[in-house]
Each structure stands twice: as C-alpha cells, then as structure tokens.
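Topology and contacts: notes
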Amino acid sequence: MIDTKILGAIADLARLASWRMVYEARSGHFGGGASMAEILACLYFGGNLFYRPNELNWSLRDRVMVKGHPSALFYSILQYAGYAITDEEKRKWRRVPGALLQGHVELGVPGVEYTAARLGQTLSYGVGEAFCAKRRGLPYKVFVVMGDGDNQKGQYKEAAVH
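Quick summary incoming for the structure in this document. (Residues numbered from 1 in each chain as written. Predicted model: local features only at pLDDT ≥ 70, side-chain atom pairs only at ≥ 80, totals over all residues. Heavy atoms only, no water.)

What to know about the pattern of salt bridges
Using the criterion set out here, one finds 9 salt bridges in the structure. One salt bridge in this structure joins D12 and R15, with 2.8 Å as the shortest N-O distance. With D12 and R15 both in helix α1 (residues 4-25), this residue pair falls 3 residues apart, about one helical turn. Ionic pairing is found between R95 and E24, a salt bridge with its closest N-O pair at 3.8 Å. Of the two residues, R95 sits in the loop between α4 (87-92) and α5 (122-136) while E24 sits in helix α1, which places them 71 residues apart along the sequence. Judged by relative accessible area, E24 falls into the partly exposed class, the value being 35%. Taken together, the salt bridges that share partners define one network made up of D12, R15 and E38. (Salt bridge = Lys/Arg side-chain N within 4 Å of Asp/Glu carboxyl O. Helix = DSSP H or I, 4+ residues; strand = E, 2+ residues; numbered from the N terminus. Buried < 20%, exposed > 50% of the residue type's maximum accessible area, 1.4 Å probe, protein only.)

Dropping the structure here:
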C-alpha cells in the first residue's frame, strides 16, 4: 500500500497540471477536477485498480468512468499512470481542433472507457459495463466518479436501481 502522503502529492500534482491546462486554454472547468483528484489518485496509485497502460484492450482491466467536465484532471492522472498522453498533447487541450485531448473525456484517448458528454449518464454507462462483466463472467470492477450535476440530470436514479 502506498503512503497517503504520496497519494496526496500525486493528487496535488494532477490538480496543478489541470489548473495549468485550464488557465492556458482560457477555457474549461477548475472545480470538478479539484474535487476528484484524491479519488483518482487512490484508484490509480493506491493498489485499488488493475490496469495495464500498454495493453488498452486487456479484457480483465478495471474500468473507470468519470464525469465529463474535469477532463484536464483525468488526462493528467492517466498520463502519470503511464498511459500514452504527452505534455505536448496536454498543451493542445481545448485549443487545437482535432487534437487528441478535447474538453470532455472522449474515447480515443488512451485509458478512457467512454465519451462523457451528457450530464447524468456516467452512472448508467458504469452500470451497463458492470452488467456486461457479470454476464460474461469477467472479474473486473467498474468505478464511477459522478458530480452534483450528474445527480440533477439524466437517468441516474434508474441506473442506481440496478
């Protein structure tokens, strides 16, 4: 188990990197990333998650679904976890049309499991993914990180029933 001070430092580094991305782009969301930095640091670096950054399609990997707006923070965590996200790509975030990293979490980015564009759908996607694992008899876990906006929109109540 990794020391909590190290996890806190990773969260702080990711938070600062995301704030830099938002500041330099003059666009984006500070708050959502700030609120999930420790959660993602604990998942990715605290021994809670099975993943292989060099095997994106490994069928036994755990899945992480995050709310869409704090993409800068999520991309920073993924980069620190070893996924192929470069500093150059992070500098293009929200500024260069067609760049790998855009304003919402999107498929096509290494380590991203789904495109998060609509409030309230993160939990539904996570429940669907967990249902698929169960049906296939696969042991992977699914983690969903939601925000207050997700709780006010979409079909989260229906998803929670499952």
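Quick look at the pairing of strand β1 (residues 63-66)
Remember that side chains alternate between the two faces of the sheet whenever the strand is regular. In β1, alternate side chains face the same way, and those of R63 and M65 on one face and V64 and V66 on the other are all buried. When β1 meets strand β2 (residues 142-145), the two strands line up parallel, connected through 4 bridges. Across the sheet, the residue bridging to R63 is V142, located in β2. (Pairing = 2+ DSSP bridges.)

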